[in-house]
Amino acid sequence: MRNTGPIAIRRLHPLFGAEVTGIDITRPLSAREFGPLRAAFEEHSVLVLRDQPMDDEKQIAFSENFGPLEPTLSANPAVGTVFARQSNLDINTGETIPSDDMRMIYQKANYFWHSDSSFKPVPSLCSILTARLCPPEGGDTEFCSMRAAWNALPAALQATVEPLVAEHALVYSRNRVQPGILSAKALSDYPPVRQRMVRDNPLNGRRALYIGAHCGHIVGWPRGTSDALLEELTLRGTRPEFTFAHKWREGDVVIWDNRAVLHRATAYDTVKHKRLMQRTTVAGDAPTVPQ
Ligand SMILES: [Fe+2]
């Protein structure tokens, strides 16, 4: 595929998400070619591009159009530090990892709605996930619009949430899977950080609720009321009508705005089927509040 004309955009959901065609992102893009894609990202929050077979080098080159990449952590790491490998395959043998192996249990944190790297002092701009090997069924990724979530909150609740700051940490999401699962090293590498509970897009001003599985409690609030409000926001914010599921095909590339959506993985048969996805994560440019 050559980039011969303007990109075409087809909406995937009434509120957010779009499939983009008419561009080959596996080859270097000029600023003029990338511009409309970046604009579509700011507008639609999730972009799906199909039939874009990526290797690691091409994925890095494409991802860097959005900005510098984050070093990432993974329970099943690939060579190099910019990939978060999402897979049930052992990196060395290529064989499926037994489901009771800690590397598989650790990945279950992905089943909870979250925003990638909200546990870092400077949270990410976006994630880019490419499908290298897909199971024939299951393993969808679901997305939820946090702009829609914000817009649907009653005005009084918006006024309560608007000034709030929450503490995010990796330990909060991992403890949802199994308390104590996080290693001592990861605990000390990722101490809790503070994030605003709303985020405004710097270009179009659209506001999004900023919560998710790494979000542990509201700064300055007693445990009980904090837990209750976070649960209420999660319930109100992740209503089915604010979500859609992406069913992966090999060659798919999906880009999502971690400032404006939550996402979660869904199960597949990890004993019978092989799955290999590579994620790059583009760094944000500033903390959401002073740390
Ligand atoms: Fe994720």
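Just above sits the structure.
For every chain, the first residue of its written sequence is number 1, and the numbers climb from 1 along that sequence. Reporting of local features is limited, given that this is a predicted model, to residues whose pLDDT is at least 70; pairs of side-chain atoms are given and counted only at 80 or more, and all residues count toward the totals for whole chains, interfaces and linings. Side-chain metrics rest on all non-hydrogen atoms present in the structure, leaving aside hydrogens and water.

Would you take a moment to explain the overall build of the protein for this structure?
Runs of E in the DSSP output that reach at least two residues are strands. Runs of H or I that reach at least four are helices, and both are numbered from the N terminus. Tallying secondary structure elements over the protein gives eight helices and 15 strands in all. The principal-axis extent of the C-alpha atoms belonging to the protein is close to 55 × 45 × 30 Å. Evaluated residue by residue, the protein yields a buried proportion of 53% over its 291 residues. Here, two residues are considered to be in contact whenever any of their heavy atoms come within 4.5 Å of each other. A sequence separation of at least 24 residues applies to 80% of the contacts in the protein between residues at least 6 apart. Throughout, the Shrake-Rupley method with a 1.4 Å probe supplies accessible areas, and for residues the shown protein chains are the sole cover considered. Per element, the accessible surface of the protein, about 13100 Å² overall, is 55% carbon and sulfur. Charge separation in the protein, taken as the distance between the mean sites of 33 positive and 32 negative side-chain charges, equals 3 Å. Only protein chains enter the accessibility calculation, which uses a 1.4 Å probe; a residue whose area is less than 20% of its type maximum is buried, one above 50% is exposed, and one in between is partly exposed. Think of it this way: Lys and Arg go in the positive column, Asp and Glu in the negative one, and His and the chain ends go nowhere. Here the site of a charge means NZ on Lys, CZ on Arg, CG on Asp, or CD on Glu.

Teacher, can you tell me more about the pairing of strand β14 (residues 261-265) here?
A regular strand carries its side chains on alternate faces of the sheet. With four of five residues buried, β14 is to be regarded as a mostly interior element. A pair of strands is treated as paired once DSSP finds two or more bridges between them. Bridge analysis of strand β6 (residues 141-145) against β14 gives five bridges, and the strand direction is antiparallel. Opposite E142, over in β14, you have R264 as the bridge partner.

How should the sheet that holds strand β8 (residues 193-196) be read in this particular structure?
Strands in a sheet are paired, the pairing made by backbone hydrogen bonds, and the direction either parallel or antiparallel. Taken in spatial order, the three strands line up as β8-β7-β11 in an open sheet, and their pairing is antiparallel. Each edge of the open sheet is held by one strand with a lone partner, namely β8 and β11 (215-218). Across the sheet, the mean angle separating the axes of adjacent strands is 40° when strand polarity is ignored. As defined by bridge partners, strand β7 (residues 165-168) adjoins β11 across three bridges and the pair is classed as antiparallel. Looking at the pairing, H168 lines up with C215 of β11. All axes here are fitted lines through C-alpha atoms, helices being fitted over the stretch that makes contact, and every angle between N-to-C directions spans 0 to 180 degrees. This element, helix α6 (residues 170-177), spans β7 and β11 of the sheet and lies at about 115° to β11.

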